2 protein chains.
Amino acid sequence: MPSPTNTVGSSTYERVKRDVIFGALAPGSKLKLDGLRERYNASVSTLREILNRLASEGFVVAAEQRGFFVKPVSKDDLVEIANLRILLECSALETSIMSGDPDWEGNLVAAHHKLHLIEQKMLDGDQSQKELWKRYDWEFHQAMISACNSQNLLALHGTIFDKYLRYQMLVLTYRGAPAIEDHRRMLDAALARDVDTAVSVLEHHIRKGLEHTLKAMGDTEDLI
Amino acid sequence: MPSPTNTVGSSTYERVKRDVIFGALAPGSKLKLDGLRERYNASVSTLREILNRLASEGFVVAAEQRGFFVKPVSKDDLVEIANLRILLECSALETSIMSGDPDWEGNLVAAHHKLHLIEQKMLDGDQSQKELWKRYDWEFHQAMISACNSQNLLALHGTIFDKYLRYQMLVLTYRGAPAIEDHRRMLDAALARDVDTAVSVLEHHIRKGLEHTLKAMGDTEDLI
DNA sequence: GTTTGCAATAATATATGATATTTTGCTGAT
DNA sequence: ATCAGCAAAATATCATATATTATTGCAAAC
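Residues numbered from 1 in each chain as written. Chains lettered and ligands numbered in written order. Predicted model: local features only at pLDDT ≥ 70, side-chain atom pairs only at ≥ 80, totals over all residues. Heavy atoms only, no water.

Q: Help me get a handle on the UniProt feature "domain: HTH gntR-type" (unreviewed entry) in chain A, residues and values and all.
A: Under the present numbering, the feature "domain: HTH gntR-type" (unreviewed entry) in UniProt falls on residues 6–73 of chain A. The straight-line gap between the two end C-alpha atoms of residues 6–73 of chain A is 31 Å; of that span, 53% is helix and 15% is strand. (UniProt positions renumbered as here; feature names shortened; annotations may be inferred. Helix = DSSP H or I, 4+ residues; strand = E, 2+ residues; numbered from the N terminus.)

Written as structure tokens, this is what we have:
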């Protein structure tokens, strides 16, 4: 099998983005080219390309002539992100359910199964695999909307999802059983082609997550 | 007044983006670094930064190890873009109308006035200012949704609008009087805080534009 | 004690050239 | 026509140089 043969640029891009999302690079912190060069073992030119990409996606802020900063967080921003996620994901879900084929159903069931397995572990107190858990969460939501017939919509949703994820990682708390229940209900509704139920559960799911994260941010006011 | 003091990077970025949107750089064409260096009088490093930005916005395609290409066009892509514009702009319009203040109304009336002036010229056969016309069109739509209270939504909409605009510029035809009428009706509905009417006129406006552009693309099959 | 002004320092923006790798184009053989 | 293999072209990456701009530190002034 051919190894992914990643270029320095793309693999470092992944690493930096990941570090922003998972908080290794703190919100608002300055991204000095020289510091990054050491940290990621890449040249300044390559890093500038990466930071420009991340800036246009909104994970980084590029301040003309003053360099780059990790995008700051705020409750207002989180609310905007959550609302956008609802708008994009619900819309995609609707068309996806209406046009999903057997392959789609198969992937969906598989994605839910994997997610469910790790959710059980989380419930049992094993918090050691937060990152993997979130990846499966992402894969499940992605599988749900993957038949929406719009690459553009999927791309936009992917970015928004990652931004939302950053806030969840920031407060580092777990909503637990209710979220698991949401996923199950979404799966069932999707397979039953019950658009209305699926969409309303999804919206509820995101709003509850938003509430939860906002509350956690209120308690930990320092991270802004 | 302080001059904009643009950096080479940002001003060249604007130029390249503009050239993609207005078709000076043809869809699908290869963007050779060396060629661009001559054309825009910027260094390769700077140009790579710019192309990376444009790639992450979707105006350019970055093919690992094979360089950059102007994003190709297709009817499917146009349909996706139009649907996304409807989704984003209608949602933004709804909240904007509900929370617009007097300043918002003022800007809106002003934007419509400017747009209307140039639309009349277009109707009279003066097609010399397509670019200015499209700028005013953008400013009007932007003014409508500017009170939506979401920077994230406005940013996303801006990008989608530009992509939609590229298709319009590509086929280079003018929908004329009906579009002018749409704008007037949207303005009136917005000022009357009639959300339903405004939103449905907007959706109709975009769908008609889509139809029109699709038809023009069908006739000029060569540009793909 | 706070503010102002300015020099010293640091960091960014941009350009250029060098190297390794990859892709592309071409030639000739099958 | 197809394919292998080589030469030319282009990209990806890096290091380095320079000009410009931003930041910092400190002394002088209020």
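Q: Any details on the protein's contact with DNA strand C? Residues and values, ideally.
A: The immediate surroundings of DNA strand C are formed by 17 residues, with R48 of chain A together with V8, G9, S43 and R66 of chain B found nearest. Backbone atoms, meaning sugar and phosphate, make up 88% of the atoms of DNA strand C lying within 4 Å of the protein. Here V8 of chain B contributes a backbone N or O atom positioned 2.4 Å from a phosphate oxygen of DNA strand C. At 2.7 Å from a phosphate oxygen of DNA strand C is found a side-chain nitrogen or oxygen belonging to R66 of chain B. For the surface near DNA strand C, the secondary-structure elements that each account for two or more residues are strand 1 (30–31) of chain A together with helix 1 (8–21) and helix 3 (44–57) of chain B. Residues belonging to the surface near DNA strand C are distributed by class as follows: four nonpolar, nine polar and four charged. (Near = heavy atom within 4 Å. Polar contact = N/O pair within 3.5 Å; in protein donor to acceptor, adjacent residues only side chain to side chain. Nonpolar A, V, L, I, M, F, W, Y, C, P; charged D, E, K, R; others polar.)

Q: Give me helix 6 (residues 130–145) of chain B: which residues, what numbers.
A: Because each turn of an α-helix spans 3.6 residues, side chains separated by three or four positions in sequence point in the same direction. End to end, helix 6 of chain B covers 23 Å across 16 residues, agreeing with the expected 22 Å (1.5 Å per residue, within 8%). Along helix 6 of chain B, the residues that are buried comprise K130, W133, K134, Y136, D137, F140, H141, A143, M144 and I145 of chain B. (Expected span 1.5 Å × (residues − 1). Buried < 20%, exposed > 50% of the residue type's maximum accessible area, 1.4 Å probe, protein only.)

Q: Provide a residue-level description of helix 1 of chain B, including the pertinent values.
A: Residues and elements named next belong to chain B. The terminal C-alpha atoms of helix 1, which comprises 14 residues, lie 20 Å apart, in line with the 20 Å expected from a rise of 1.5 Å per residue. Of the residues making up helix 1, those classed as buried are G9, S10, T12, Y13, V16, K17, D19, V20 and I21. With its phi angle positive at about 85°, G23 sits one or two positions after the end of helix 1.

Q: Tell me about the packing of helix 3 (residues 44–57) of chain A against helix 3 of chain B, residues and numbers included.
A: Running from N to C, helix 3 of chain A and helix 3 of chain B point in directions that differ by 30°, and their axes come no closer than 8 Å. Crossing angle aside, the handedness with which helix 3 of chain A passes helix 3 of chain B is right-handed. Of the residues in helix 3 of chain B, those touching helix 3 of chain A at R48, E49, N52, R53, S56 and E57 of chain A are R48, E49, N52, R53, S56 and E57 of chain B. Here the contact of helix 3 of chain A with helix 3 of chain B is built from residues that sort into no nonpolar, four polar and eight charged. (Axes fitted to C-alpha atoms, helices over the stretch in contact; angles between N-to-C directions. Left-handed = near helix turned anticlockwise from the far one by under 90°. Contact = heavy atoms within 4.5 Å.)

Q: Outline the nonpolar core, listing residues and values.
A: Ranked by size, the top nonpolar core spans 98 residues in total, and within it L88 of chain A together with L88 of chain B carry the most contacts. Apart from the residues within four sequence positions on either side, L88 of chain B is in contact with L84, L87, L88 and L156 of chain A together with L153, L156, H157 and I160 of chain B. (Core = buried A, V, L, I, M, F, W, Y, C linked by side-chain atoms within 4.5 Å.)

Q: Can you tell me about the relation of the copies chain B and chain A, naming the residues and giving the values?
A: Note: a rotation about an axis with an accompanying shift along it relates these two copies of the chain. Structural alignment of chain B on chain A gives an RMSD of 0.0 Å, achieved by rotating through 180° and translating 0.0 Å along the axis. One copy is carried onto the other by what is essentially a two-fold rotation axis. In this assembly the copies share their binding face: 100% of the residues contributing to the interface of chain B also contribute to that of chain A. (Least-squares fit on C-alpha atoms with pLDDT ≥ 70 in both.)

Q: So what's going on with the interface of chain B and chain A? Which residues, and what values?
A: Residue-level contacts link 26 residues of chain B with 26 residues of chain A. Buried surface at the junction of chain B and chain A, summed over both partners, amounts to about 2,200 Å²; 53% is from carbon and sulfur atoms. The largest per-residue losses of area from chain B upon contact with chain A belong to E49, E80 and N152 of chain B, which jointly make up 26% of the total buried on that side. Remark: the boundary between chain B and chain A carries two salt bridges. Where E49 of chain A meets R48 of chain B, a salt bridge forms, and the shortest distance between an N and an O atom there is 2.5 Å. Our enumeration of links across chain B and chain A arrives at 15 residue pairs in polar contact (both at pLDDT 80 or more). Among the secondary structure elements, those contributing two or more residues to the side of chain B that touches chain A are helix 3, helix 4 (75–99) and helix 7 (151–171) of chain B. (Buried area = accessible area lost by both parts, 1.4 Å probe. Salt bridge = Lys/Arg side-chain N within 4 Å of Asp/Glu carboxyl O.)

Q: Tell me about the side chain of T7 of chain A, and name the residues and values.
A: Relative to the helices and strands, T7 of chain A resides in the segment before helix 1 (8–21). Residue classification places T7 of chain A among the buried positions, given a relative accessible area of 19%. Ignoring anything within four residues of it in the chain, the contact list for T7 of chain A reads E64 and Q65 of chain B.

Q: Go over the protein's contact with DNA strand D, please, and point to the residues and values.
A: Around DNA strand D, a shell composed of 18 residues is seen, among which V8, G9, S43 and R66 of chain A together with R48 of chain B lie nearest. Taking all atoms of DNA strand D within 4 Å of the protein, the share assigned to sugar and phosphate is 89%. Here a phosphate oxygen of DNA strand D and a backbone polar atom of V8 of chain A are 2.4 Å apart. At a separation of 3.1 Å, a phosphate oxygen of DNA strand D approaches a polar backbone atom of Q65 of chain B. Counting residues per element, the ones that place at least two in the surface near DNA strand D are helix 1 and helix 3 of chain A together with strand 1 (30–31) and strand 3 (67–70) of chain B. For the surface near DNA strand D, the residue count by class is five nonpolar, nine polar and four charged.

Q: Pulling in residues and values, what's your account of the packing of aromatic side chains?
A: All names here are of chain A. Using the criterion set out here, one finds two aromatic pairs over all chains in the structure. Between R18 and the ring centre of F22, over which it is positioned, the NZ or CZ distance is 5.7 Å. The ring of Y164 carries the charged tip of R85 above its face, separated from the ring centre by 4.9 Å. (Phe/Tyr/Trp six-rings, centres within 6.5 Å; stacked < 30°, edge-to-face > 60°. Lys NZ or Arg CZ within 6 Å of the ring centre and 35° of its normal.)

Q: Which residues make up the pairing of strand 3 (residues 67–70) of chain A, and what values go with them?
A: Residues and elements named next belong to chain A. Looking at chain direction, strand 1 and strand 3 are connected through two bridges and run antiparallel. Bridge pairing links K30 to F69 in strand 3. Summarising the sheet, strand 2 (residues 60–63) and strand 3 pair through four bridges and their orientation is antiparallel. Of the residues in strand 3, the one forming a bridge with V60 is V70. Two successive antiparallel strands, strand 2 and strand 3, enclose a turn made up of three residues, where Q65 displays a positive phi of approximately 70°. (Pairing = 2+ DSSP bridges.)

Q: How would you sum up the sheet that holds strand 2 (residues 60–63) of chain B? Please name residues and give values.
A: One key point about sheets: their strands pair by backbone hydrogen bonds, in either a parallel or an antiparallel sense. Pairing is antiparallel in the open sheet, where three strands are placed in the order 1-3-2 (chain B). This sheet does not close on itself; its edge strands, each paired only once, are strand 1 and strand 2 of chain B.

Q: Mind laying out unusual backbone geometry, listing which residues take part and the relevant values?
A: Residues and elements named next belong to chain A. With a phi angle near 55°, N41 is a residue other than glycine that sits in the positive phi range. Take N41: it is sitting in the loop between helix 2 (33–40) and helix 3. Classification of N41 by relative accessible area gives exposed; the value is 68%. Here the phi dihedral of L172 falls at roughly 55°; this positive angle occurs in a residue that is not glycine. Along the chain, L172 turns up in the loop between helix 7 (151–171) and helix 8 (177–191).

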